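# Geometric and topological summary
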Amino acid sequence: MSILDVNYAAILVDGLSFALPLLIIAIGGIYSERSGVVNLALEGLLGFGAFVGALFVASTIGLFAVNSDLPMYLSFLFAALGGALFAVIHATLCIKFMANQVISGVVINILSVALTGFLTSTINANFFGAASERFTLQTSPRWDIPFLMEIPILGAAFTRVYPFMFIILLVAAFFWYLLYKTRFGLHVRAAGDNPHALDAAGINVARVRFWAVVISGALAGIGGMSFAYSISTDFSPAIYMGYGFLAIAALIFGNWKIVPTFAACLIFGLTRSAAFQLLPVFDASAAVIDLAMTAPFIVTLLLLALFGKKNRMPRALGEVYDKSKR
Amino acid sequence: MNKKSKLSPEERELRRLQEESEQKRKRGEHEGRNLLSELNNALDSATRVLVKGLSAHKWQSLVIPLLAIFLSLATISVVILSFGSSPLEVFRSLLAGAGWLPKVNYGGGQSQLTDLVNLATTLTPLLFGALGFVVAMRAGLFNIGIAGQMVLAGFAATVLVGYSDMSALVARPLVLLIGIAVGALAGALIGFMKYRFNIHEVVSSIMLNNIFILVVSYFIKSYYLDDVSRNARAASAEARLLTEPIQIGEVSARLPVGFLLAIIAAFILWFFLTKTKQGFEMTAVGKSPKAAEYAGIKIGRTVVSAMALSGAMGGLAGVTHYLASVPSVAPDKLAGVGFDSIAVAFLGNVHPLGAVLAATLIATLSSGAVYMSSIVGVRQEIAALITGMILLFTACGGYLRAWIDVKKRNMAESDADSSGDSSACVASKVSKRENEVAAETEVEALQSADNAELRGGDGK
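Procedures and definitions
- The residue numbering used here restarts from 1 in each chain and proceeds along that chain's sequence as written.
- Chain A is the first chain written and ligand 1 is the first ligand written, with later ones labelled in order.
- Restriction of local features to residues with pLDDT of at least 70 applies here, the model being predicted, together with a cutoff of 80 or more for giving and counting side-chain atom pairs; totals for whole chains, interfaces and linings are based on all residues.
- Excluding hydrogens and water, the side-chain values take into account all heavy atoms of the structure.
- Numbering of helices and strands starts at the N terminus; helices are DSSP runs of H or I of at least 4 residues and strands are runs of E of at least 2.
- Computation of the radius of gyration draws on C-alpha atoms alone. For the globule rule, the value is 2.2 Å times the number of residues to the power 0.38.
- With a 1.4 Å probe rolled over the protein chains alone, any residue whose accessible area is under 20% of its type maximum counts as buried; one over 50% counts as exposed, and the rest are partly exposed.
- Only heavy atoms enter the contact rule, under which two residues are in contact if any of them lie within 4.5 Å.
- Note on areas: Shrake-Rupley, 1.4 Å probe, and residue coverage restricted to the protein chains presented here.
- His residues and chain termini do not enter the charge count, which takes Lys and Arg as positive and Asp and Glu as negative.
- Lys charges are placed at NZ, Arg charges at CZ, Asp charges at CG and Glu charges at CD.
- Residue types Ala, Val, Leu, Ile, Met, Phe, Trp, Tyr and Cys, when buried and joined through side-chain atoms within 4.5 Å, form a set referred to as a nonpolar core.
- By definition, the buried area sums, over both parts, the 1.4 Å-probe accessible area that each loses when the two are put together.
- The term salt bridge refers to a side-chain nitrogen of Lys or Arg lying within 4 Å of a carboxyl oxygen of Asp or Glu.
- Each residue receives one of three labels: charged for Asp, Glu, Lys and Arg, nonpolar for Ala, Val, Leu, Ile, Met, Phe, Trp, Tyr, Cys and Pro, and polar for the others, Gly being one of them.
- Axis lines are fitted through C-alpha atoms, for helices just across the contact stretch, and the angle between N-to-C directions can take any value from 0 to 180 degrees.
- If an angle is under 35 degrees, it is roughly parallel; if it is over 145, roughly antiparallel; if it lies from 65 to 115, roughly perpendicular; otherwise it is oblique.
- If you view the pair so one helix is near and one far, a crossing is left-handed when the near helix is turned anticlockwise from the far one by less than a right angle, and right-handed when it is turned clockwise.
- For a helix, the expected span equals 1.5 Å multiplied by the residue count minus one.
- Distance and chemistry together define a polar contact, namely a pair of N or O atoms within 3.5 Å, with one atom able to donate a hydrogen and the other to accept it when in protein, and with adjacent residues in sequence counting only for side-chain atoms on both sides.
- Each aromatic pair joins two rings of Phe, Tyr and Trp (for Trp, the six-membered one) with centres within 6.5 Å, and gets the label stacked for planes under 30 degrees apart, edge-to-face for over 60, and tilted for any other angle.
- For a ring to carry a charge above it, either NZ of a lysine or CZ of an arginine must fall within 6 Å of the ring centroid while also lying within 35 degrees of the normal to the ring plane.
- The predictor reports its confidence for every residue as pLDDT, a score running from 0 up to 100.
- Throughout, a disulfide means two cysteine sulfur atoms within 2.5 Å of one another.

## With respect to the overall build of chain A
When helices and strands are counted, chain A shows twelve helices and two strands. When the helices and strands of chain A are placed in sequence order, the string is α-α-α-α-β-α-α-α-α-β-α-α-α-α. In terms of overall size, chain A behaves like a compact globule, its C-alpha atoms giving a radius of gyration of 20 Å where 326 residues would be expected to give roughly 20 Å. Projected onto the principal axes, the alpha-carbon positions of chain A cover approximately 65 × 55 × 40 Å. The burial tally for chain A puts 57% of its 326 residues in the buried class. Look at the contacts in chain A between residues 6 or more apart in sequence, and 77% of them connect residues 24 or more apart. Accessible surface, chain A as shown: approximately 13,600 Å² in total, 69% of it carbon and sulfur. Separation of charge centres in chain A, based on 19 positive and 15 negative side chains, amounts to 17 Å.

Here it is, written out as structure tokens:
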């Protein structure tokens, strides 16, 4: 196989189908961290969101027409709800109970793995009469976008795309607008940089942070559901692959800003898919893919070493807001 | 008065409370709000008992985790009951599975002792990992790279010693040394990148975790694959950190070499962190890097050496995990122990000795789960759920502490106000003492706030 036979379209599409879910999870993390709440819980949030979405599909599948795509779209809604609900725990612990935000994140992750594993097998055994630790999903349809797909080179990015990629682009655009162009977004950013000023302006810091954390849960849920469709077409404990941590790395790499974070996600996604597609060219053994997969991580570390000094995290990140302290 | 002063302070306090509530109730009856005020009184006195019981900060670090464990067990009991099983039976069989209680029957050559030895074997890497996390956290660093340090050290020891034909006397110390050296290097790298390039340790340890497991996977799949287990080929028995089978009564067991080392390491670390200059410097950097720098402590050197020490513990966790508690190094997957040890460290109050207790508890839950599931039929994931709940309630501990301090101050004030009646003398004595305690508390609250900062202020 020569370098000309490589499926470049697949590199683009697979890269995007990995980068976009990562992006939406990272945007969730950006909301939480820009509001001043450290969010190491993304991993647990995306898993719980995907669990709720998959549970919805598994329990209502008989109610829809056989080839209907409606359950798939609704599952993203439920995944967002599930993620948001689980994020309420993180928000309550960090804001109301003044828990250490790092500890709270670790707790949420451990709890999420334990709870979804326990519930999946229990629900499967008691309600669906199957001894299984996974909820099977329908395969997601894949679209060819007319006209756009005929653009030379870039058109490849518009063949065989997952519907969730459009959902994510829409949601990401909306939350970009919300963070940078609206009053609420200003409050979120102020809560992380200068909560006392926000408080002096008459805004309830605790409430702003609470909603920011809930939003991060909802977005992580959408990302988790996308991974469930694109990587495995089922929900199982295998969803906890560390993508939540990867999203954290992406958002720190992106200096807590949405557009640079998107670039980081693209680096992760494209190097990953390129490694898979280029392997046959070099007649490499399957094990070499492991070495190739280290590329995005090494690149990230090098870039951070070169440009990391400019990174600035939100000033009040990790601090419990206490009115009486000034 | 004479009679009163013979009573112990507790009894006096109780009597005062009774009198007070009696008076309040009488007043309440007059106002016709009997039930409500009685409920208030009951709540009030319950609060007082709780606040009194927990006000000594010395005990809080022990009582709050115990309370968290109790609350978690209570919550899980409700869950178990809703599945129609008996919670007591579940907890009993968890303990039996871990070796604390006798099982119903044992397989050939096995006894409660074998279970206890297995428990010690699984506990060892968990404790080493937690100790590594504690050291880093004391220096204000969040080392979530334990899992990566583990796999690198475990793999290096397996390849360098495990596949050679060294005798046990040479091989085992060498395995431990390789664990320490490889782990320390991997940890120091994180510290170096933090100091030299300002790369946050959470990001670099996530990256390094991924890089290490991928590289190890590549080498295993290319050169060291066992065709049956699809893991790395097992290390020689001489290199494994388990003794030759030792006959104890009717059963024979392989004792974990690392277990005693881990306990000793916990005590050494405790001594190191609290009693030595280097340990003090690390804690100072963790509390306030700027103040430490002003005091002439070299930040860079301290950060790197703290991470190296933390990584060395992570490396020891790696060799005791991959060369004792599991058969061999598995590709593609980091050991869950690396992340569980973070939970253990937090449950143990980020204290080396607390980690010993916490590791015992978590190891008991995880190693008793399979037996419990086979006996009671409740899914074994419930053990992980218990761990999660304990942590959830532990995380609320800081809130409880602050709440107690506030309540205590309020109570001291209100007692000082109401000291005009019959038990004036006693009450004023009590309130005087309480004021002293309150002042003490304030100092301690400040200290614990410092601690909180140390634990998480710079956590991210």
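Here the narrative resumes.
## Overview of the overall build of chain B
Secondary structure assignment for chain B yields 18 helices and two strands. Classification of the 460 residues of chain B by burial places 49% in the buried group. Sequence separation of at least 24 residues holds for 73% of the intrachain contacts in chain B that already meet a minimum separation of 6. Accessible area for chain B stands at about 21,400 Å²; split by element, carbon and sulfur atoms hold 63% of it.

## Focus: unusual backbone geometry
All names here are of chain B. Look at arginine 230: it is not a glycine, yet its phi comes out positive at around 60 degrees. Topologically, arginine 230 is positioned in the loop between helix 9 (201-224) and strand 1 (246-248). In the Ramachandran plot, asparagine 349 falls in the positive-phi region, its phi being about 65 degrees despite a non-glycine side chain. Its location among the elements puts asparagine 349 in the loop between helix 14 (337-347) and helix 15 (352-376). Residue classification places asparagine 349 among the buried residues on the basis of a relative accessible area of 18%.

## Looking at the nonpolar core
Among the nonpolar cores identified, the biggest contains 214 residues, and Leu22 of chain A together with Leu94, Phe142 and Phe346 of chain B are the most heavily contacted of them. Considering each element in turn, this core owes the most residues, 14 residues, to helix 8 (residues 205-232) of chain A. Beyond its immediate sequence surroundings of up to four residues, phenylalanine 346 of chain B is in contact with Ile103 and Val106 of chain A together with Phe133, Met137, Phe142 and Thr394 of chain B. Of all hydrophobic cores here, the second largest spans five residues; its members include Val51, Ile64, Leu400 and Ile404 of chain B.

## Structural notes on the interface of chain A and chain B
Across the boundary between the two partners, chain A contributes 46 residues, which contact 44 residues of chain B. When the two sides are added together, the surface that chain A and chain B hide from each other amounts to roughly 4,100 Å², 80% of it contributed by carbon and sulfur. When the buried area of chain A at its contact with chain B is split by residue, Phe118, Asp290 and Leu301 of chain A rank highest and sum to 16% of it. As a salt-bridge pair, lysine 221 of chain B and aspartate 290 of chain A come within 2.8 Å of each other at their nearest N and O atoms. Within the residue set of the side of chain A that touches chain B, elements represented by two or more residues are helix 3 (70-96), helix 4 (101-126), helix 9 (243-253), helix 11 (288-293) and helix 12 (295-307) of chain A. Here the side of chain A that touches chain B gets 13 residues from one element, more than from any other, and that element is helix 4 of chain A. Classifying every residue of the side of chain A that touches chain B by side-chain character gives 33 nonpolar, nine polar and four charged.

## Details of the packing of helix 6 (residues 112-138) of chain B against helix 15 of chain B
All names here are of chain B. Put simply, helix 6 and helix 15 touch, their axes get as near as 8 Å, and they point 140 degrees apart. With respect to each other, helix 6 and helix 15 are oriented oblique. In this structure, helix 6 crosses over helix 15, and the sense of that crossing is right-handed. In this structure, helix 6 uses Leu119, Thr122, Leu123, Leu126, Leu127, Ala130, Leu131 and Val134 to contact helix 15, whose residues at the interface are Pro352, Ala355, Val356, Ala359, Thr360, Ile362, Ala363, Thr364 and Ser367.

## Concerning the environment of glutamine 110 of chain B
Residue position: glutamine 110 of chain B is located in the loop between helix 5 (87-98) and helix 6. Taking C-alpha positions, glutamine 110 of chain B is 8.6 Å from alanine 253 of chain B, a pair spaced 143 residues apart along the chain.

## What to know about helix 13 (residues 299-325) of chain B
Taking 1.5 Å per residue, 27 residues should reach 39 Å; helix 13 of chain B reaches 37 Å between its end C-alpha atoms and fits that length. For helix 13 of chain B, a buried count of 22 out of 27 residues is recorded, marking the element as mostly surrounded by other parts of the structure.

## Comments concerning the pattern of salt bridges
Residue and element names in this part refer to chain B. In the structure shown here, the tally under the stated rule is nine salt bridges over all chains. Across the pair glutamate 244 and arginine 172 runs a salt bridge whose closest N-O atoms are separated by 3.1 Å. Placement of glutamate 244 in the loop between helix 9 and strand 1 and of arginine 172 in helix 8 (residues 168-197) is noted, with a sequence separation of 72 residues between them. Note on glutamate 244: relative accessible area 41%, which makes it partly exposed.

## Topic: the side chain of glutamine 149 of chain B
All names here are of chain B. Its place among the elements puts glutamine 149 in helix 7 (residues 146-162). A relative accessible area of 1% places glutamine 149 in the buried class. A distance of 3.3 Å separates a polar atom in the side chain of glutamine 149 from a polar atom in the side chain of asparagine 143. In this view, glutamine 149 contacts Asn143, Gly183, Ala186, Gly187, Ile190, Phe212, Ser310, Gly311, Gly314 and Gly315; residues no more than four positions away in its chain are not counted.

## Digging into the packing of aromatic side chains
Here the distance between the centres and the angle between the planes together describe a pair of aromatic rings. The full count for this structure, using the stated rule, is 29 aromatic pairs over all chains. Measuring from centroid to centroid gives 5.6 Å for tyrosine 31 of chain A and phenylalanine 175 of chain A, while their planes differ by 90 degrees, and the two rings are edge-to-face. Here the residue tyrosine 31 of chain A occupies a position in helix 1 (residues 8-34), and phenylalanine 175 of chain A occupies one in helix 5 (residues 163-181), the gap between them amounting to 144 residues. Taking the relative accessible area as the measure of exposure, tyrosine 31 of chain A reaches 0% and is therefore buried. Measuring from ring centre to ring centre gives 6.5 Å for tyrosine 218 of chain B and tyrosine 223 of chain B, while their planes differ by 85 degrees; the resulting arrangement is edge-to-face. In this structure an aromatic cluster arises from ring pairing among Phe48, Phe51, Phe86, Phe128, Phe135 and Phe235 of chain A. Against the face of tyrosine 162 of chain A rests arginine 142 of chain A, its NZ or CZ located 4.2 Å from the ring centre. The cationic tip of arginine 272 of chain A hangs over the ring face of phenylalanine 18 of chain A; the distance from NZ or CZ to the ring centre is 4.3 Å.

## Section: the environment of valine 63 of chain B
Checked against the element boundaries, valine 63 of chain B lands in helix 4 (residues 57-82). Taking the C-alpha atoms as reference, valine 63 of chain B lies 21 Å from alanine 130 of chain B; in sequence the two are 67 residues apart.

## Points about the confidence of the model for chain B
All names here are of chain B. Mean pLDDT over chain B stands at 83; residues scoring 70 or higher make up 84%. For the stretch residues 420-432, pLDDT sits under 50, and the model shows 15 contacts to residues farther than four places along the chain or on other chains. Counted against residues more than four places away or in other chains, residues 449-460, with its pLDDT under 50, gives 35 contacts. Across the interface, the model reports ipTM at 0.82; the global pTM reads 0.81.

## Notes on the state of the cysteines
For the structure on display, the rule yields zero disulfides over all chains. Looking at the unpaired cysteine 94 of chain A, the closest cysteine sulfur is the one in cysteine 396 of chain B, lying at 10 Å. The exposure class assigned to cysteine 94 of chain A is buried, which follows from its relative accessible area of 2%.

## Description of the side chain of serine 93 of chain B
Residue and element names in this part refer to chain B. Here serine 93 shows up in helix 5. When its relative accessible area of 2% is taken as the criterion, serine 93 is described as buried. Among the polar contacts listed, one links the side chain of serine 93 to the backbone oxygen of valine 90, at a separation of 3.1 Å. Setting aside residues up to four positions removed in sequence, serine 93 forms contacts with Gly368, Tyr371, Met372, Ile375 and Val376.

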